[in-house]
Amino acid sequence: MVEDDNKTRVLAKLSPLTVARFEPVGRWFEAHGLRRLHQKSLSHNSIESSTSEASSAELSDNEENDAFLRSLDPTDWKNQDHYAVLGLGKLRYKASELQVKKAFKKKVLRHHPDKRKSRGLDVNDGDDDYFSCITKANEVLGNAARRRAYDSVDPSFDDDVPSVNQSNKDKFFDVFGPVFEANARWSNKKRVPNFGDMGSTFEDVNKFYNFWYDFDSWREYSYLDEEEKEKGENREERRWIDKQNKAERQRRKKEEVTRIRTLVDNAYACDPRIQKFKDEEKEKKLAQKRAKQEAARLRAEEEVRVKKAAEEEARKKKEKEEAEAKAQAAALKKEKEAQKRVLKKERKTFRTALQEFDYFATDADNKVSQMQDVDRLAESLSAVCLQELNKELTSGDKVRARTAFNTQVQIMNDKLAKEKEELLAKLHRTSGASGTGGAGSGKNRKWKDDETTMLIKAVNLFPAGTVQRWETVANFINQHCGSSFNAKESLNKAKDLQKMDPSAMKEEANKKAYDKFSKGKEEAPAVHIQDKISERYDSAAVQQVAEMGTNAAPWSADEQKLLEQALKSFPASTPERWERIAESVRTRSKKDCMKRYKELVEMIRAKKAAAQAAAKIKPSAS
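Residues numbered from 1 in each chain as written. Predicted model: local features only at pLDDT ≥ 70, side-chain atom pairs only at ≥ 80, totals over all residues. Heavy atoms only, no water.

Regarding its fold elements, the protein chain presents 24 helices and zero strands. Across the 622 residues of the protein chain, 31% fall into the buried class. Within the protein chain, contacts between residues separated by at least 24 positions form 65% of all contacts whose residues are at least 6 apart in sequence. (Helix = DSSP H or I, 4+ residues; strand = E, 2+ residues; numbered from the N terminus. Buried < 20%, exposed > 50% of the residue type's maximum accessible area, 1.4 Å probe, protein only. Contact = heavy atoms within 4.5 Å.)

So, about the side chain of R116. Mapped onto the fold, R116 is located in helix α5 (residues 113-118). A distance of 3.0 Å separates a polar atom in the side chain of R116 from the backbone oxygen of H111. Setting aside chain neighbours within four positions, we find R116 in contact with R110, H111, L121, D122, V123, D129, Y130 and F131. (Polar contact = N/O pair within 3.5 Å; in protein donor to acceptor, adjacent residues only side chain to side chain.)

To continue, consider the environment of R92. Structurally, R92 can be placed in the loop between α3 (82-85) and α4 (97-111). With relative accessibility at 10%, the residue R92 sits in the buried group. Put simply, R92 and D151 are 59 residues apart on the chain and 8.7 Å apart in space, counted from C-alpha to C-alpha. Once you skip the residues sitting within four places of it in the chain, R92 turns out to touch D81, Y83, R147, Y150, D154, P155 and S156.

Our next topic: the packing of helix α10 (residues 202-213) against helix α12 (residues 272-356). Between two packed helices, the angle of one axis relative to the other and the distance separating the axes together describe the packing. Their axes nearest at 11 Å, the elements α10 and α12 cross at an angle of 130 degrees. Viewed along their axes, α10 and α12 adopt a mutual orientation that is oblique. Here α10 and α12 pass one another in a crossing that is left-handed. Contact residues: α10 offers F202, V205 and Y209, while α12 offers R273, I274 and F277. (Axes fitted to C-alpha atoms, helices over the stretch in contact; angles between N-to-C directions. Parallel < 35°, antiparallel > 145°, perpendicular 65-115°, else oblique. Left-handed = near helix turned anticlockwise from the far one by under 90°.)

So, on to a nonpolar patch on the surface. A contiguous nonpolar patch, built from L423, L424 and L427 and spanning about 290 Å² of accessible area, is present on the exposed surface. Inspection of the secondary structure puts L427 in helix α15 (residues 398-431). (Patch = residues over 30% accessible without salt bridge, like charges linked within 9 Å, V, L, I, M, F, W, Y side chains within 5 Å. Areas by Shrake-Rupley, 256 points an atom, 1.4 Å probe, with all protein chains shown as cover. Salt bridge = Lys/Arg side-chain N within 4 Å of Asp/Glu carboxyl O.)

On to the packing of aromatic side chains, then. One pass over the full model with this rule turns up 21 aromatic pairs. A ring pair is formed by Y209 and Y268, whose centres lie 5.2 Å apart and whose planes are at 85 degrees; its orientation type is edge-to-face. Of this pair, Y209 sits in helix α10 while Y268 sits in helix α11 (residues 235-270), and the two are 59 residues apart along the sequence. Judged by relative accessible area, Y268 falls into the partly exposed class, the value being 34%. Centroid distance W212 to F215: 4.6 Å. Interplanar angle 10 degrees. Geometry classified as stacked. F215 carries the same exposure label as W212, and that label is buried. (Phe/Tyr/Trp six-rings, centres within 6.5 Å; stacked < 30°, edge-to-face > 60°.)

Turning to its location among the elements, F131 is positioned in helix α6 (residues 131-141). Classification of F131 as buried rests on a relative accessible area of 11%. Residues F131 and V108 lie 23 residues apart in sequence; the distance between their C-alpha atoms is 8.2 Å.

On to the confidence of the model for the protein chain. Averaged over all residues, the pLDDT of the protein chain equals 78, while 81% of them reach at least 70. Below a pLDDT of 50 lies the segment residues 433-443, which in the model reaches 27 contacts outside its immediate sequence neighbourhood of four places, other chains included. Counting contacts from residues 520-537, a segment whose pLDDT is below 50, to residues more than four positions away or on other chains yields 23 contacts. (pLDDT = per-residue confidence, 0-100.)

With respect to the element layout, T587 can be found in the loop between α23 (577-585) and α24 (590-621). Looking at T587, the relative accessible area reads 5%, which means it is buried. Looking at T587, its side chain comes within polar contact range of the side chain of E559, at 2.6 Å.

A few words on helix α16 (residues 449-461). The first and last C-alpha atoms of α16 sit 18 Å apart over 13 residues, in line with the 18 Å expected at 1.5 Å per residue. In terms of burial, α16 is largely enclosed, as 10 of its 13 residues are buried. Turning to α16, its buried residues number three or more, namely E451, T452, T453, M454, L455, I456, K457, A458, V459 and L461. (Expected span 1.5 Å × (residues − 1).)

Before going further, it helps to spend a moment on the pattern of salt bridges. Overall, the coordinates contain 27 salt bridges when judged by the stated rule. The salt bridge involving R92 is made with D154; its shortest N-O contact spans 2.7 Å. Here R92 is found in the loop between α3 and α4, whereas its partner D154 is found in the loop between α7 (144-152) and α8 (166-170), with 62 residues between them in sequence. Here D154 falls in the buried class, since its relative accessible area comes to 3%. For R297, the salt bridge goes to E294, with nearest N and O atoms at 2.3 Å.

Notably, R92 is not glycine yet its phi reads approximately 50 degrees, a positive angle. A positive phi is found at E576, a non-glycine position, where the angle reads about 50 degrees. Along the chain, E576 falls in the loop between α22 (557-569) and α23.

Take a look at the structure:
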């Protein structure tokens, strides 16, 4: 008994544990093996009782096996279950070579005809005895190649493939797991990926399906050959048998590949992990999309903020610049108004001083001319010049004043004459009227009015992009005007016209048409004009009018003549007047004729108004 005052002491340390390996032998291990083989529960009986029970069970199995062997048909050995014949029905393809040999030896000792005769049993003669089935089973399972061929068509193997339905989807692992495990026996690759469970990762599942989609099977069907090649009577027959057997094996091999592929497809379609991975991937993409949208929204907000800040800064800067510009404009306006007042004052002084000198006139006509010079000087001279001139005019010396006035008038006249000469020289250069020139120079050759008009019309008819445009324009002018212009001359003249005002072409054509309209209109009968136009008939213009209903080219002199003659021939009371006028002009539509008539009327009215205004101004000036 341990007392309370006793103390514990450490006397020594325990040695570390060691692992010892022992080979299981003996009667007890034999009894344990028999129980495992016959699936018997562990009991506390003695070895003798266990051995007696095993012996009785073995005897019962032997009797059942004997009945099975006696029921076999020796002539139908190919369709028999060789594993069951040797008593290896439970192990089957898992049985080792040693187990096959032991099973065959055991069957020989029990079922050999001599053994049975010694026990007083009936024995059939030759191959009719069921013992031949045992020898055939050993021949098949004892040879590695023939056993492999038999295992490929093992009758105990189930080739069925689970279908795709809701029930199999709900029990996916219970339905498809055993099927894949059973079919894994055919793989040439020994390391078959695990089927996994619901917690398997995407990499494991992907590895599993990649393996089965590329499944390499060793299964072959030579055991099912209908005829053996060695039975052929000659070489040709043996070749034919071999060819037929190979074709049948290939067909069955294709069916097996299709079966495995169908199994994998159905499993993939029912696998809940695939849908889970798809949902996860979809959610991941949605999250990325939301993140991108959020980033885009933040960027947009930042851009809007920056833009507003920039706009606000620009607005303030603009307001500041506008305020400065307004102040400058106000100062400039004030300065201009001051200058105007000074100029007005100097002009008044200038006019008053000359009025006092009676404009230095000698007679009435000279006085009018002097008054006009006074007005021109008052409008053209600056305030500084007027101040200097007024000093001379108000000096009290009439001779000095006259000299200063006449000097300014002379300077003004010289300046106007010089400007007029420069303008005339410019017009002369742009019109291309300096000399006749040769055939190769468009600038040194004189163009007639109708040639210029036809050039304008040709440029409008043949726009940029036309093949050999300027050769076509030159041929058009030469055909209608009887000239000999080339492409270079036409191009140079067109460039000269373009250097003028952009509307110069149309104004030039309108001016010439107006001049001819305002002059006499009875230069030639209509029939003669029609004959002349017929000779120069422009098929391109007629085609353009027919297709587009209008002709955008400027009016030529011949078209103007035709229009004037048609206006005379068909007065306002004529039915369908403008249709007949368009038929007479031919190269112009009804719309073009009416538009041209309105333009001519407006030009005549403008000229009359200008003449009346000039008549009113002349008496007042005098």
